[in-house]
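Spelled out from the first residue to the last, the chains are:
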Amino acid sequence: MDFLNAIVALSNFVLVPAIAYGSQLALGALGVTLIYGILRFSNFAHGDTMAFGAMVTILVTWWMQSIGISLGPLPTALLALPFGILGCMALVLLTDRAVYRFYREQKAKPVILVIVSMGVMFIMNGLVRFIIGPDDQKFADGERFLISAREFKQLTGLKEGLAIKTTQGLTVVVAVICVVLLFWFLNKTRTGKSMRAYSDNEDLALLSGINPERVVMITWLIVAALATTAGVLYGLDKSFKPFVYFQLLLPIFASAIVGGLGSPIGAIAGGFVIAFSEVTITYAWKKVLKYLGAEPDGLVQLLSTDYKFAVSFVILLIVLLFKPTGLFKGKAV
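The following paragraphs examine the structure supplied in this document. (Residues numbered from 1 in each chain as written. Predicted model: local features only at pLDDT ≥ 70, side-chain atom pairs only at ≥ 80, totals over all residues. Heavy atoms only, no water.)

Time to look at the packing of aromatic side chains. Overall, the coordinates contain nine aromatic pairs when judged by the stated rule. Centre to centre, the rings of Phe 44 and Phe 253 are 5.1 Å apart; their planes meet at 35 degrees, and the pair counts as tilted. With Phe 44 in the loop between α1 (2-39) and α2 (46-66) and Phe 253 in helix α11 (residues 249-259), the pair connects residues that are 209 residues apart, well separated along the chain. Among the residues examined, Phe 44 registers a relative accessible area of 27% and is labelled partly exposed. Judged by centre distance (5.2 Å) and plane angle (75 degrees), the ring pair of Tyr 283 and Trp 285 falls under edge-to-face. For Tyr 283, a relative accessible area of 11% gives the class buried. Judged by its relative accessible area of 22%, Trp 285 falls in the partly exposed class. One aromatic cluster is present, built from ring pairs that chain together Phe 13, Tyr 283 and Trp 285. (Phe/Tyr/Trp six-rings, centres within 6.5 Å; stacked < 30°, edge-to-face > 60°. Helix = DSSP H or I, 4+ residues; strand = E, 2+ residues; numbered from the N terminus. Buried < 20%, exposed > 50% of the residue type's maximum accessible area, 1.4 Å probe, protein only.)

Right, dumping it as structure tokens:
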């Protein structure tokens, strides 16, 4: 029985949160890897792009809640998500037209575009904080739990309870749908195939009659949809705070690089590697070990949760030093 309690405790505090967090990182890393693979630069403004899309969704959610629109047990933010995606699409297309297009036409080196994206990042970050403020914003409604710890204890008779939040289940379901749709689009549609061709060999793609500006536009639209979805799911699961999305840039880039920058499959795998690493290393293992018969003196916590992003940083350094192409052999960084 104690062994079952240990498994439930591990699931409650490590497995379920890591799967949800990994799904959010995977969606964010997919956006980064698409930009790198097709537009050939590392977009440092991606975290704040997520924040902008989530902000638009939050504002629309508040408006819907104020006039009584809801989805019952599900968050109203799901209804507002398409509006957030449209707002984010408008932002990234405007940014591309006003900023990135000039450097693309000048055939600027990727490092120049990276520096430019950092400037865009600071502008977006300031814009989001100016509109919605720098504080935590709550916008989740509906049922809080799919199953609560008390219900689980009553059903199983175990001492330890398992709680699964609605937002955690929603994150996994939405992430799976997004990934399936993305891979279907890239592998089955003519536009998706042209994007892959442009990514593999730009000169040959141009000779084949592929319109580069159309490829760029479609790429930004997909990235905006992925970024907004990832940002909203993260905000629902935790809370929305603009500066947190700036901090998320490190684990998102770490996910993309660990999996293989430029590889969509690698971005997904890297997201879960980073998520499980962060959650596992920052979890206090005392309760699980006690169920297994050990009597630890302290919390048995390798690293405080305040330093969880250090885990991403260390993994990123190790990958860059020993396997710069990542797990799925993306493009070398």
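Once the structure has been displayed, the description carries forward.
As a further point, take the pattern of salt bridges. The tally for this structure, following the rule as stated, stands at seven salt bridges. The partner of Glu 213 in a salt bridge is Arg 104, and the shortest N-O contact between them spans 3.5 Å. Residue Glu 213 is located in helix α9 (residues 212-237), and its partner Arg 104 is located in helix α3 (residues 77-105); the two are separated by 109 residues in the primary sequence. Among the salt bridges present, the one from Asp 237 reaches Lys 238, with a minimum N-O distance of 3.1 Å. (Salt bridge = Lys/Arg side-chain N within 4 Å of Asp/Glu carboxyl O.)

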